[in-house]
Amino acid sequence: MSDILIVDDERDIRELISDILQDEGFATRLAGNSDEAMAAINGEAPALIILDIWLKDSRMDGIDILKTVKRDNPDVPVVIISGHGNIEIAVAAIKQGAYDFIEKPFNIDQLLVVIRRAMETARLRRENTSLRRKDSSPSEMIGASPTFRALIGQLEKVTKSNGRVMLTGPAGAGKEVAARYIHAHSNRANAPFVTVNCAGVAPDSMEEVLFGRETPARGVEPGLLEQAHGGVIYFDEVADMPIGTQSKILRVLVDQQFTRVGGTDKVRVDLRVISSTNRDLEEAIRAETFRQELYHRLNVVPIAVPSLADRREDIPLLAQHFITEMNAAQGLPMRELSEDAVALLQTMVWPGNVRQLKNLVERVLILGDGTGPIEARELPGDEDGGGEQGRVVLSGTLAALPLREAREAFEREYLLTQINRFGGNISRTANFVGMERSALHRKLKSLGVVTSAKSGTRVAHVDQEESEAVG
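Here goes a summary of the coordinates provided. (Residues numbered from 1 in each chain as written. Predicted model: local features only at pLDDT ≥ 70, side-chain atom pairs only at ≥ 80, totals over all residues. Heavy atoms only, no water.)

Focus on the packing of helix 14 (residues 339–347) against helix 17 (residues 403–421)
Thought 1: One way to put it is that helix 14 packs onto helix 17 with a least axis distance of 9 Å and a crossing angle of 105°. With respect to their mutual orientation, helix 14 and helix 17 come out roughly perpendicular. Along its contact with helix 14, which presents V342, A343, Q346 and T347, the element helix 17 presents T417, Q418 and R421.
Thought 2: For the contact of helix 14 with helix 17, the residue count by class is two nonpolar, four polar and one charged. (Axes fitted to C-alpha atoms, helices over the stretch in contact; angles between N-to-C directions. Helix = DSSP H or I, 4+ residues; strand = E, 2+ residues; numbered from the N terminus. Parallel < 35°, antiparallel > 145°, perpendicular 65-115°, else oblique. Contact = heavy atoms within 4.5 Å. Nonpolar A, V, L, I, M, F, W, Y, C, P; charged D, E, K, R; others polar.)

Focus on the environment of V301
Thought 1: You can see V301 is positioned in strand 14 (residues 301–304).
Thought 2: Since its relative accessible area comes to 26%, V301 is described here as partly exposed.
Thought 3: In this structure, the C-alpha to C-alpha distance between V301 and Q154, residues 147 residues apart in sequence, is 9.6 Å.
Thought 4: In contact with V301, other than residues within four places in its own chain, are V158, R164, V165 and M166. (Buried < 20%, exposed > 50% of the residue type's maximum accessible area, 1.4 Å probe, protein only.)

Here we look at the sheet that holds strand 4 (residues 78–82)
Thought 1: Spatial ordering of the open sheet is given by 2-1-3-4-5, a layout of five strands whose pairing is parallel. Only two strands of the sheet have a single partner each, and these edge strands are strand 2 (28–31) and strand 5 (100–103). On average, adjacent strands in this sheet sit at an angle of 20° to one another, irrespective of strand direction.
Thought 2: Most of the contacts of helix 1 (residues 11–23) go to strand 2, to which it runs at about 175°, and overall it touches strand 1 (4–7), strand 2, strand 3 (48–52) and strand 4.
Thought 3: Sheet strands in contact with helix 3 (residues 62–72) are strand 3 and strand 4, and its direction is about 160° off that of strand 3. (Pairing = 2+ DSSP bridges.)

Digging into helix 7 (residues 175–184)
Along an α-helix, residues three or four positions apart point the same way, because every turn accommodates 3.6 residues.
Thought 1: Helix 7 sits mainly inside the fold: seven of its 10 residues count as buried.
Thought 2: Burial in helix 7 covers these residues: K175, A178, A179, R180, Y181, I182 and H183.

Quick word on the packing of aromatic side chains
Thought 1: Summed over the entire model, instances satisfying the criterion amount to four aromatic pairs.
Thought 2: Between the aromatic rings of F211 and F258, the centroid separation amounts to 5.5 Å while the plane-to-plane angle is 45°, which identifies the pairing as tilted. Taken together, the positions of F211 in helix 8 (residues 206–211) and F258 in strand 11 (residues 257–259) put the pair 47 residues apart, joining distant regions of the chain. Comparing F211 with F258, the two get one shared label, buried.
Thought 3: Between F422 and F432 the ring centres are 5.7 Å apart and the planes differ by 55°, which places this aromatic pair in the tilted class. Linking F422 in the loop between helix 17 and helix 18 (426–433) with F432 in helix 18, this pair joins segments that are 10 residues apart in sequence.
Thought 4: Its relative accessible area of 39% is what places F432 among the partly exposed residues.
Thought 5: Between R421 and the ring centre of F432, over which it is positioned, the NZ or CZ distance is 4.4 Å. (Phe/Tyr/Trp six-rings, centres within 6.5 Å; stacked < 30°, edge-to-face > 60°. Lys NZ or Arg CZ within 6 Å of the ring centre and 35° of its normal.)

With respect to the environment of Q22
Thought 1: Turning to its location among the elements, Q22 is positioned in helix 1.
Thought 2: Judged by its relative accessible area of 43%, Q22 is partly exposed.
Thought 3: When the C-alpha atoms of Q22 and I4 are compared, they prove to be 9.8 Å apart, with 18 residues separating the residues in sequence.

Let's talk about a nonpolar patch on the surface
Thought 1: A surface patch of nonpolar side chains, amounting to about 290 Å² of accessible area, comprises F410, Y414 and F432.
Thought 2: Looking at the secondary structure, you find F410 in helix 17.
Thought 3: The partly exposed category is assigned to F410, whose relative accessible area is 48%. (Patch = residues over 30% accessible without salt bridge, like charges linked within 9 Å, V, L, I, M, F, W, Y side chains within 5 Å. Areas by Shrake-Rupley, 256 points an atom, 1.4 Å probe, with all protein chains shown as cover. Salt bridge = Lys/Arg side-chain N within 4 Å of Asp/Glu carboxyl O.)

Regarding the pattern of salt bridges
Thought 1: As enumerated under the stated definition, the model contains 26 salt bridges in all.
Thought 2: Of the charged contacts in the structure, one is a salt bridge between R29 and D3, with a shortest N-O distance of 2.7 Å. Residue R29 is located in strand 2, and its partner D3 is located in the segment before strand 1; the two are separated by 26 residues in the primary sequence.
Thought 3: Take R29: its relative accessible area is 23%, and that puts it in the partly exposed class.
Thought 4: Salt-bridge contacts for E411 lead to K443; the nearest nitrogen and oxygen are separated by 3.2 Å. Of this pair, E411 sits in helix 17 while K443 sits in helix 19 (residues 437–447), and the two are 32 residues apart along the sequence.
Thought 5: Since its relative accessible area comes to 21%, E411 is described here as partly exposed.
Thought 6: Classification of K443 by relative accessible area gives partly exposed; the value is 27%.
Thought 7: Each member of the salt-bridge network shares a partner with another, and the members are D8, E10, D52 and K104.

Spatial relationships are all this shows, so hold off on functional conclusions.
Spelled out as structure tokens, the structure:
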């Protein structure tokens, strides 16, 4: 959308206008009849159209072309020119969406003023539409752990390309934030980012939501694919897309065009596709609930988004970020995290991942009293770990074991938790638990605890063979 299309059945007129506009720095295309005009518009929408009302030897006159343009390319301004001008024609043209009407013979300066104003108005409308489409959803990635840095490294590699990306990971891990990060750092950053909630759309409505529809009563209603033109379409939890829709999306990926529901015209789109899933798509393919061809089209660059358990070192940074964010957005208290609160957060189980952490922080800020540091006793779940002051409540399993086995089970779980809290760093773990590093190594060996690399960091786990040999 960078040139001006001039449509006039008089060759001398269209070439004269073209020469003048080119002298002013505009690129132009020319059409002498309606077929040439529609072919040019369908090939690539122009920035503006100068359109003659009367077109000899054409299937459509200027008003018909105007109606079609305003239906399919509403952002393209149209300036009507005619040598048979009268007030009725001018009013009809303006009612159909023309920017202005100029009568032949026209004043060149007047034409240039109208063209510049029309293009500026169209630009402002596009910017306004773009701003309305944008929301406050975050694209900032927070973290410093080796696992997080490895993720950022992968995301950075794909930001400048148009390759399709498949983000995998558990629910709440931040897959949409990662998708928005790719968009925000790409050459499409100023274009739309449109999310398709595949799990949240009824199967019988999915095609209208994606492709839009055309009806005599309501005209054209653009779908999400059309709204994302020039930008990114994000298929959130793509495994939940209806199997019938999958084949049509596959065709869109191949042809970059589609037909609206109830329509006949082809709609061309320029899209970058990012998808996400928390399910095993290869298993879904075997179960015949996901098309293998679509999987291969979407899974060009697979990127795994780690769970919060795999990046426990980032929990203090994430929690403090959420505190700052909620203070600015909701006026909630600006509080710090005490050391015991950090320790508890890093040792908790997080099935809901980053989303669960954010919700927990909001709950604490709403229900907490004062503006001092957040203490461990304020965190949900801490009440399960303590009874009377100075006492620890044992789980039923632990309480049923003999002392030696209970002590061993506690030490194993405690050290596993602390090592993973510190990202597999034995020195930091030894310092926190108050042991010499060599003594900690011996203790881990006796308990059958080993560490191995995972997602750019080291994770502690129990080596069953080692544990049984020691036992």
